Amino acid sequence: MLFRSANANPGSTVFFPAGTYTITSTITLNNVNVIGVGSATRLIGSISALGSSNPMFVLTSICTIKNVFASFDSRPSSASSGQYVIFRCGDGSNPLQRYSNIDSVWTYYCGTAFYCPTGVGSVFSTTFSNLRVEFFVYRGFDFRGTDRTGNIYSNIYATAGISYNVSNNSYTISTGSKTFNTIYPTTDFIVGQIATIAGNPTTNAMYGTVTAITSSSLTINVTSTIGSGAFSTWAITARNTCNCTFALSGIETECTINQLNSEHSYFTQAAIIFDNVYGLAATSIHIEQIEPASNNLPYVYTNSASGVIDAISYLGNFYPQYINPAPETGTILFQLNSCKNYLGIAQPLTANYFNIGVFNINNYTVTNNLVLGIVNSAHINCVTLIALNSPTTY
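Each chain has its residues counted from 1, following the order in which its sequence is written. In view of the model being predicted, local features appear only for residues whose pLDDT reaches at least 70, and side-chain atom pairs are presented and counted only at 80 or more, with totals across whole chains, interfaces and linings using the full set of residues. Water and hydrogen atoms play no part in the side-chain values, which are based on all heavy atoms of the structure.

Caption draft 1: Fine view of the pairing of strand 18 (residues 194–198). Of all five residues in strand 18, four are buried; the element is thus mostly enclosed. Bridge count for strand 18 against strand 19 (residues 205–214) is five bridges, and the pairing is antiparallel. Within the sheet, the bridge partner assigned to isoleucine 197 lies in strand 19 and is methionine 206. DSSP bridges decide pairing: two strands pair if at least two such bridges lie between them. A run of H or I in DSSP counts as a helix once it spans at least four residues, and a run of E counts as a strand once it spans at least two, with each numbered from the N terminus. In this sheet, strand 22 (residues 234–239) lies alongside strand 18 in antiparallel orientation, the contact comprising four bridges. Pairing of isoleucine 197 across the sheet is with isoleucine 236, part of strand 22. Partly exposed residues are those whose accessible area sits between 20% and 50% of the maximum for their type, while under 20% is buried and over 50% is exposed, using a 1.4 Å probe and protein chains only.

Pasting the structure below:
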């Protein structure tokens, strides 16, 4: 009733004071603003009521979403495109459009936090800023619409998340199945995660797969170790797996990125995707302690794209005792399939280029066939490559 009344009065603002608000059916906002007081305003979607295909919110026309925490009430075990969505941008006929502002929003358990489906009526001239996007199973951003232009993405932190707990069970470092009683609830863990169990000092650790979970215990099949010794305090961490942290595909033109952070995850397709993105203007992209879940995968994947990235930084794994490195044979740091300008013919030659100002690679310690880029177009320019604590051949 509250949102029905707001939608009937364009430009209305709905204010949520601190508290938890349960959402049991999709809320469509058409020229309506939602304002909270920060993470104390908790908008929680019921998975049992919404199911996998109904988003928590559909945003159309001009909307502002600010100072809220939004999450499903539990973490999906798996998801694909369009499933367990928190914010769907555009409804297929009515886009989220100019003057819209999504600011200071923290998203948590979901399949995808921000989703724009394939087709028209999507999102344009909208600002996404100061977003903390965590514990998504599929993608943090998954924008697929074919008529997106003029969007701004500023200070985005995207991570599938690190699950953390502590156990006081006594074990000697060795392989095999082990059950750890945990001090904290195990809600952030799922079966199948690759976990690290670090002793004290932290140069001694065990690595394995989570095979069973109760509310207060984790069973982990340890398959490899570093160091040795018996310990009674263990820090248990597990990076979560997603398809991609930030993906722009479909068609997006003239978009701006000011500080995009892709961190602390395993990915099964790419960390960041720019597919049919034309006229990209990015100041800084930061990739930190994120690993491919299998071999021959790119960190940054671009296809039929053009634009400028002033700086890309890659920060490798400084803490192997906390995070188990994934296999990285044939890893591709930046894959560029082709350069293309959306406007087509009669364009300046430079419009079809992809330019990178500085590529800073720090502490990339895996030397198995690292590839800087697969370039199927001659139109790429990288001004400076800096490699610190990393292999010298690229």
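Back to the text.
Caption draft 2: Up close: the sheet that holds strand 29 (residues 277–278). Strand order in the open sheet formed by three strands is 13-25-29, and the pairing between neighbours is parallel. Because the sheet does not close on itself, it has two edges, and the strands there are strand 13 (148–149) and strand 29. Sheet analysis places strand 13 next to strand 25 (residues 252–253), joined by two bridges and oriented parallel. The residue bridging threonine 149 from the neighbouring strand is threonine 253, located in strand 25.

Caption draft 3: Seen up close, the sheet that holds strand 10 (residues 110–119). Across the sheet, nine strands lie side by side as 3-6-8-10-12-24-28-32-34; this open sheet has parallel pairing. Strand pairing shows two members of the sheet lacking a second neighbour, strand 3 (27–30) and strand 34 (332–336), which therefore form its edges. Across the sheet, the axes of successive neighbouring strands diverge by a mean angle of 15 degrees, strand direction being ignored. Between N-to-C directions, angles cover 0 to 180 degrees, with each direction set by a line fitted to C-alpha atoms, over the stretch in contact for helices.

Caption draft 4: The nonpolar core, seen in detail. Ranked by internal contacts, the top residues of the largest apolar core, which has 73 residues, are Phe114, Phe128, Phe141, Phe143, Tyr153 and Phe274. Broken down by element, the residue count for this core peaks at five residues, all from strand 12 (residues 136–145). The criterion used for residue contact is that any of the two residues' heavy atoms lie within 4.5 Å. Among residues more than four places away in sequence, those in contact with phenylalanine 114 are Phe87, Ile102, Thr107, Phe128, Leu131, Val133, Gly140, Phe141, Asp142 and Phe143. Here, nonpolar core refers to any group of buried Ala, Val, Leu, Ile, Met, Phe, Trp, Tyr and Cys residues whose side-chain atoms link them within 4.5 Å. Listed in part, the 14 residues of the second largest apolar core include Phe189, Ile197, Met206 and Ala238.

Caption draft 5: Representation of the environment of valine 32 in the model. With respect to the helices, strands and loops of the structure, valine 32 is situated in strand 4 (residues 32–35). Along the primary structure valine 32 and serine 100 are separated by 68 residues, whereas in three dimensions their C-alpha atoms are 9.9 Å apart.

Caption draft 6: Molecular detail of the packing of aromatic side chains. Here is the rule: rings of Phe, Tyr and Trp (six-membered ring for Trp) pair when centre to centre is within 6.5 Å. Planes less than 30 degrees apart are stacked, more than 60 are edge-to-face, and the remainder are tilted. Counted according to the given criterion, the structure contains 25 aromatic pairs. Ring plane angle 20 degrees and centroid distance 5.4 Å describe the contact between phenylalanine 57 and phenylalanine 87, whose orientation is recorded as stacked. Here phenylalanine 57, found in strand 6 (residues 57–60), pairs with phenylalanine 87, found in strand 8 (residues 85–89); they are 30 residues apart in sequence, far enough to count as distant. According to the relative accessible area criterion, phenylalanine 57 is buried, its value standing at 3%. Phenylalanine 87 gets classed as buried once you look at its relative accessible area, which sits at 1%. Judged by centre distance (5.3 Å) and plane angle (70 degrees), the ring pair of phenylalanine 267 and tyrosine 299 falls under edge-to-face. With phenylalanine 267 in strand 27 (residues 266–267) and tyrosine 299 in strand 32 (residues 298–303), this pair connects stretches of sequence that are 32 residues apart. Grouping residues by exposure puts phenylalanine 267 and tyrosine 299 together as buried. Among the aromatic side chains, those forming a connected cluster through ring pairs are Phe57, Phe87, Phe114, Phe128, Phe141, Phe143, Tyr153 and Phe246. Our definition puts a charge over a ring when NZ of Lys or CZ of Arg is within 6 Å of the ring centre and also within 35 degrees of the ring normal. Between arginine 132 and the ring centre of tryptophan 106, over which it is positioned, the NZ or CZ distance is 3.9 Å. Positioned above the aromatic ring of tyrosine 266 is the side chain of arginine 239, whose terminal nitrogen or guanidinium carbon lies 4.8 Å from the ring centre.

Caption draft 7: Expanded view of the side chain of glutamate 288. Mapped onto the fold, glutamate 288 is located in strand 30 (residues 280–288). Two residue types count as positive, namely Lys and Arg, and two as negative, namely Asp and Glu; His and chain ends fall outside the count. By definition, a salt bridge exists where a carboxyl oxygen of Asp or Glu is found within 4 Å of a side-chain nitrogen of Lys or Arg. Look at glutamate 288: it is buried, it has no salt bridge, and the nearest opposite charge is arginine 239 at 9.2 Å. Setting aside its immediate chain neighbours within four residues, glutamate 288 contacts Ser262, Glu263, His264 and Leu315.

Caption draft 8: Inspection of the environment of asparagine 360 at higher detail. By the element assignment, asparagine 360 lies in strand 35 (residues 354–362). Remark: the alpha-carbon pair of asparagine 360 and serine 313, spanning 47 residues in sequence, is separated by 4.5 Å.

Caption draft 9: Region of the structure containing a nonpolar patch on the surface. Only residues above 30% relative accessible area that lack a salt bridge enter a patch, with like-charged residues linked at up to 9 Å and the nonpolar side chains Val, Leu, Ile, Met, Phe, Trp and Tyr linked at up to 5 Å. Areas reported as accessible are Shrake-Rupley estimates using a 1.4 Å probe. Residue values count occlusion only from the protein chains shown. A surface patch of nonpolar side chains, about 320 Å² in accessible area, is lined by Tyr164, Ile183 and Tyr184. Mapping tyrosine 184 onto the fold places it in the loop between strand 17 (176–181) and strand 18. Given a relative accessible area of 43%, tyrosine 184 falls into the partly exposed group.

Purely spatial values, then, with no claim about function.
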